[in-house]
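# Breakdown of the fold
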Amino acid sequence: MSIVNQLQLGVLKSLTSLQNQSFSEKDFQINQTKPEFEGDYTVVLFSLVKTLSLYPEVIGNQLGEKLVNDFPEIFSSFNIIKGFLNLTVADNYWIALLKKNHADICYGKKALTGKKVMVEYSSPNTNKPLHLGHLRNNFLGWSVAEILKANGQEVIKSCIVNDRGIHICKSMIAWQLYANGATPQSTHSKGDHLVGEYYVKFNEAYKEQVAELIASGKTKEEAEKEAPIMKATQQMLVDWEEGKPEVIELWNTMNSWVYAGFDTTYQKIGSDFDKTYFESNTYLLGKDIVQQGLDKKVFFKKEDGSIWIDLTADGLDEKIVQRKDGTSVYITQDIGLALQKYEQFKIDQSIYVIGNEQNYHMKVLQLICKKLGMPNAENIFHLSYGMVELTSGKMKSREGTVVDADELVDEMIATSQKLTEELGKVKDFTAEELKDLYDIIGLGAMKFYLLRVDPKKTMVFNPEESIDFHGFTGPFVQYTHARIKSILRKELGNEEFKNSSIELKSPLLPLEKEVIIQLEQYPTALEEAGKEHNPSVIANYVFNLAKTFNSFYTEHSIGNAETIEKKNLRLQIATMTANIIKSGMQLMGIRVPERM
RNA sequence: GACUUGGUAGCUCAGCUGGAUAGAGCAUCAGCCUUCUAAGCUGAGGGUCAUUGGUUCGAAUCCAAUCCAGGUCACCA
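What comes next concerns the included structure.

## Remarks on helix α15 (residues 405-423)
Over its 19 residues, α15 runs 27 Å from end to end, which matches the ideal 27 Å to within 8%, given 1.5 Å per residue. N-cap assignment for α15: the residue whose side-chain oxygen lies 3.1 Å from the backbone N of D406 is D404. Backbone geometry just after α15 places G424 at a positive phi near 60 degrees.

Structure (structure tokens):
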């Protein structure tokens, strides 16, 4: 149990016995004591003043004395300033905590709870390569999955590949028209990039055709409908749904190029999946449900044959679920897949890592599932994250104004190589070790950069400035780890550390204590990150821990500590810090080097 | 227009279940490498927490209104 929880219970118990009435956690507040005051944790007494009609000093004195008396192993002393009761935690409490947990590489992780969740993330379209926004999605999804695992949940990582639909046909048509049979082999390009080029080309051609039609006197709407390239694309979608062999063949070919490209990228960035769904397999499943929905009268058919659901009673609009030509829309297959996931895996929760531009869509999806009486409807959770914007505005694949994922990754790794070479600290590394180190640092910088921000918030990326390697960054944390490891390599063979008993003759120094206090908070941070589905909690925690440790490190020598007891104490602090940094970074998919 | 999310230092972001003098990184300036890795440490300057009003012992945090910005309201996904 965390120190804050123990304190909370202690105050509750003491208050009850002192005042002969019952209290709840909401009647008072516990904070970490501000550095300018003496003490470690603070009970804010103001809210009790009214209910008890006693002066804060009186309540504080009673409470402080009782806590120190009843829990001598936790609290050593207290002081009261205004309405704040500041409690000092006994050094022995911290030392016992260190002794018990410093070598535990699973510190903070929970035992299995039996809860089973699916995290769906990444979900690429096979008409274009991954960009910076997809990276945020991938890192988030992966990290949230790991964080939930650490919180004792069984997690299935899944991915739905959007491999069919009008947008896929756009790339295919443009390739047919303009590519002259170009392949990844013939152009020496990555398959996803090649296909993406033709997606951009489609939109250019489409724009031109529309402009021409408008010039010849058509309205904008007419022009958009009648542009030949769009008509051809729509026909291709119908042909695809009918299984026309040459369309299917082209589709298979181009998709296989894209998959080869994606595999390379996924491997590089460390995305993995336990289950991959293909929309081409799931969209028909949705059609059955549309039929059932019609029978149940949840859906209705319009005169032209299209099928709809009326959500106006819920404050939303009417929503189409099947086109008049019988083809599916996006939401159709989502309904089918939601049910299939539930039936296949018996999951307690289904998490969708999808951008906040789809908030409305996800709301509709959940509502439709509820109306259909599907058992999984309540378990759908949309982990809605903000877009990554450039300083110049939004990224748009259609217009090619995106920060390409592969390029950015390469750039990050190249920068880490350049910096490492400039510092020249690892000259004895083999070529392989160096390559691995550049990956660790470059990817670490990038993942940390994208994960340190609250997922819900839109974030801004400035392509002019490269991602930093100093300060609040992945490499900063990695560096702290490498420095600790360097010390431990030197000292750990030592017998005196193995048979460590830390009988302290002098009190803990402020910086020693500060690090230990933060170490103690890791399980709380982990829990909060899980509850909020928010890796940035971990990023912030791990950065602050590293920062505090660095201050401690420059101020106090570990190897040449004043006494053998101090040395043991500090080695334990260092060991535990390294373990937690490693563990926390791992939850974000960031590796930490032994040396850098 | 309706719904929705946000507005905190020059920039990027924490803090938001109300508590002590609002934090961090970058950038700027000034220091620290014969002692465990300087990708580090110490310090300085930098703020009308969008605005106005309300709630109260106390508001960046809660409530209301206004202004500004993003998103959605597609037979795109």
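Moving on from the model shown.
## Points about the side chain of N125
When you line up the elements, N125 lands in the loop between β5 (116-120) and α5 (132-150). There is a polar contact of 3.0 Å between the side chain of N125 and the side chain of N162. Aside from chain neighbours lying at most four places away, what touches N125 is N162, H167 and F262.

## Description of unusual backbone geometry
Even without being a glycine, N180 presents a positive backbone phi close to 55 degrees. Here N180 lies in the loop between α6 (166-178) and α7 (184-187). By relative accessible area, N180 is classed as exposed at 80%. For H533, which is not glycine, the phi dihedral falls at a positive 50 degrees. Residue position: H533 is located in the loop between α20 (522-532) and α21 (536-555). Judged by its relative accessible area of 11%, H533 is buried.

## Some words on the pairing of strand β11 (residues 349-355)
Among the 7 residues that make up β11, 7 are buried, leaving the element largely enclosed by the rest of the structure. The alternating pattern of β11 places Q349, I351, V353 and G355 and S350, Y352 and I354 on opposite faces, both of which are buried. Taken together, the 4 bridges between β5 and β11 define a ladder with parallel strand orientation. Within β11, the position partnered with V119 by the bridge is I351. Note on the crossover from β11 through helix α14 (residues 359-371) to strand β12 (residues 380-385): the handedness is right-handed.

Cut-offs used in this document
- Residues numbered from 1 in each chain as written.
- Chains lettered and ligands numbered in written order.
- Predicted model: local features only at pLDDT ≥ 70, side-chain atom pairs only at ≥ 80, totals over all residues.
- Heavy atoms only, no water.
- Helix = DSSP H or I, 4+ residues; strand = E, 2+ residues; numbered from the N terminus.
- Expected span 1.5 Å × (residues − 1).
- Polar contact = N/O pair within 3.5 Å; in protein donor to acceptor, adjacent residues only side chain to side chain.
- Contact = heavy atoms within 4.5 Å.
- Buried < 20%, exposed > 50% of the residue type's maximum accessible area, 1.4 Å probe, protein only.
- Pairing = 2+ DSSP bridges.
- Right-handed = clockwise from strand over helix to strand, strands pointing away.

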